[in-house]
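A closer look at the structure
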Amino acid sequence: MPNDFRLQQNSSTSNGSTENKAGVNVVVSFIPCVIFLYINCVMLYTLRSKPVFRETSRYLLLYNLLLAETLQMALAQMMFLIAVGMVLMTRLVCLLVFIPTIITTVISPFNLALMSLETYVAVCFPLKHASIVTVPTTYGAIAVVWAISLANMLVKVIMLKFLDARPFGQFMSMLCTETNIFQLKIFSEFESGFVCAQFVSVGLIIILSYVGVMVAAKAATIDKVSANKASKTVLLHMIQMGLSLSSTFVNMILTGLHGKVDVITFRHLRFSLFVCLINLPRCLSCLIYGLRDKMIRPILIRHLRLGINFKMYNFHTHDVNR
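Residues numbered from 1 in each chain as written. Predicted model: local features only at pLDDT ≥ 70, side-chain atom pairs only at ≥ 80, totals over all residues. Heavy atoms only, no water.

**Here's the deal with the environment of L243**
Put simply, the rule is: Secondary structure elements are defined from DSSP: runs of H or I of at least 4 residues count as helices, runs of E of at least 2 residues count as strands, and each element is numbered from the N terminus. For this analysis, residues touch if any pair of their heavy atoms sits within 4.5 Å.
On the secondary structure map, L243 appears in helix α9 (residues 224–246). Measuring from C-alpha to C-alpha, the distance between L243 and L284 comes to 9.8 Å, with 41 residues separating the pair along the chain. Those residues in contact with L243 that lie beyond four places of it in its chain are L277, P281 and L284.

**Side note on a positive patch on the surface**
This is how it is decided: For patch building, the residue pool is restricted to those with more than 30% relative accessible area and no salt bridge; the joining distance is 9 Å between like charges and 5 Å between nonpolar side chains (Val, Leu, Ile, Met, Phe, Trp, Tyr). In these tables, accessible area is a Shrake-Rupley quantity obtained with a 1.4 Å probe, and a residue counts as shielded only by the protein chains included in the view. Counted as salt bridges are all cases of a side-chain nitrogen of Lys or Arg within 4 Å of a carboxyl oxygen of Asp or Glu. Positive charge is attributed to Lys and Arg, negative charge to Asp and Glu, and no charge count is given to His or to the chain ends. A charge is said to be at NZ when it belongs to Lys, at CZ for Arg, at CG for Asp and at CD for Glu. Categorising residues by exposure relies on relative accessible area from a 1.4 Å probe, with only protein chains included: less than 20% of the type maximum marks a residue as buried, more than 50% marks it as exposed, and the intermediate range marks it as partly exposed.
Positive charge collects at one region of the surface, where R58, K229, K232, R292, K294 and R297 lie side by side. Note on placement: K294 falls in the loop between α11 (263–290) and α12 (296–321). Residue classification places K294 among the exposed positions, given a relative accessible area of 65%.

**With respect to the side chain of S108**
Note that S108 resides in helix α4 (residues 91–124). When neighbours within four sequence positions are excluded, S108 is seen to be in contact with L65, A68, E69, Q72 and S244.

**Observations concerning the nonpolar core**
Note the threshold: The term nonpolar core refers to a set of buried residues drawn from Ala, Val, Leu, Ile, Met, Phe, Trp, Tyr and Cys, joined through side-chain atoms within 4.5 Å.
Membership of the largest hydrophobic core comes to 55 residues, with the highest contact counts inside it found for L47, F182 and I296. The element best represented in this core is α4, accounting for 13 residues. Ignoring anything within four residues of it in the chain, the contact list for I296 reads M43, L47, F53, Y59, L62, Y289 and G290. V250, F271, L273 and F274 belong to the second-largest nonpolar core, a separate cluster that totals 10 residues.

**Description of the packing of α4 against helix α8 (residues 185–217)**
Convention followed: Note on geometry: axes are C-alpha line fits, over the in-contact stretch for helices, and angles between N-to-C directions span 0 to 180 degrees. Orientation categories follow fixed angle ranges, with anything under 35 degrees roughly parallel, anything over 145 roughly antiparallel, 65 to 115 roughly perpendicular, and all other angles oblique. Crossing handedness is defined as follows: a turn of the near helix away from the far one that is anticlockwise and smaller than a right angle gives a left-handed crossing, while the clockwise case is right-handed. Each residue receives one of three labels: charged for Asp, Glu, Lys and Arg, nonpolar for Ala, Val, Leu, Ile, Met, Phe, Trp, Tyr, Cys and Pro, and polar for the others, Gly being one of them.
Here α4 crosses α8 at 20°, and the two axes come no closer than 9 Å. With respect to their mutual orientation, α4 and α8 come out roughly parallel. Every pair of crossing elements has a handedness; the one defined by α4 and α8 is left-handed. Contacts between α4 and α8 involve V106, P109, F110, L112, A113, S116, L117, Y120, V123 and C124 from the first element and F194, Q198, S201, V202, I205, I206, S209, G212, V213 and A216 from the second. Residues belonging to the contact of α4 with α8 are distributed by class as follows: 15 nonpolar, five polar and no charged.

**What to know about the packing of helix α6 (residues 135–163) against α8**
Contact geometry for α6 and α8: axes closest at 11 Å, N-to-C directions at 165°. In terms of orientation, α6 lies roughly antiparallel with respect to α8. Considering only the axes of α6 and α8, their crossing is right-handed. Mapping the contact onto sequence places I148, N152, V155, K156, M159, L160 and L163 in α6 and I186, F187, F190, E191 and F194 in α8. Considering only residue class, the contact of α6 with α8 consists of nine nonpolar, one polar and two charged.

Shape descriptors only; they carry no functional weight alone.
If you want it as structure tokens, here you go:
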């Protein structure tokens, strides 16, 4: 009996310690996520607050990128909370949860390629920029990016419907993850092929844009200050593309480690990968583009201050009324 009591006590202590660590992980991931979601939402509002932002291709592309990454961040945090809470669901519900996640994940790299092309045209063809990069062509390019993302998701859903014999109404015995919903080997092969094609095409566009801008910077007819600034912007696109595509390797890494490490280590690795490769890249857009842009920065800061002051006023009024 004493030994049984000690085992039960150690087990409860271990479970309590695990629950405490899970709670700390939730807090560590949730608070920064909420802060950056607020900043992103304010920046999205900022990009729609002035006609110059709504009628300039560069800001339209930035709005599309920020919208996709804000949705990714919110959905990733929701999936993390579901995983921590060990919530099980049917395959259909899991699929419906993952559809917007997969769509928005594909959008970001292609959008960065469009932003690099816009910068290249602005620097290398300044006289033709206004006729080449118009608002209608920008909306058309954004529509193509969304169409590619939707087509990728549609192909996966059709393959899942006709190749996987499991019914959609079946409750999953494992957590809702992309790997668990798309279990057949053909899905991993399709995903690897699509990611490789995406990485090569987007990387090639950004690299060629960077080379073109650098060549233009050495020309005597081009404003060197603007060209150097543009080259730094394209370089940031390249870095962010690498960070965005790095999130696609999370499932591969976790699948490779599953069963090779103990459960506690696996959970710590999953949390670290979630923060570093999924959440962190989504938090950088507002800092990279919002604070660097001279037109956006003062308006964004003013809107952030107004929002904070409004919340503090409501909090103070609530306390007074109580």
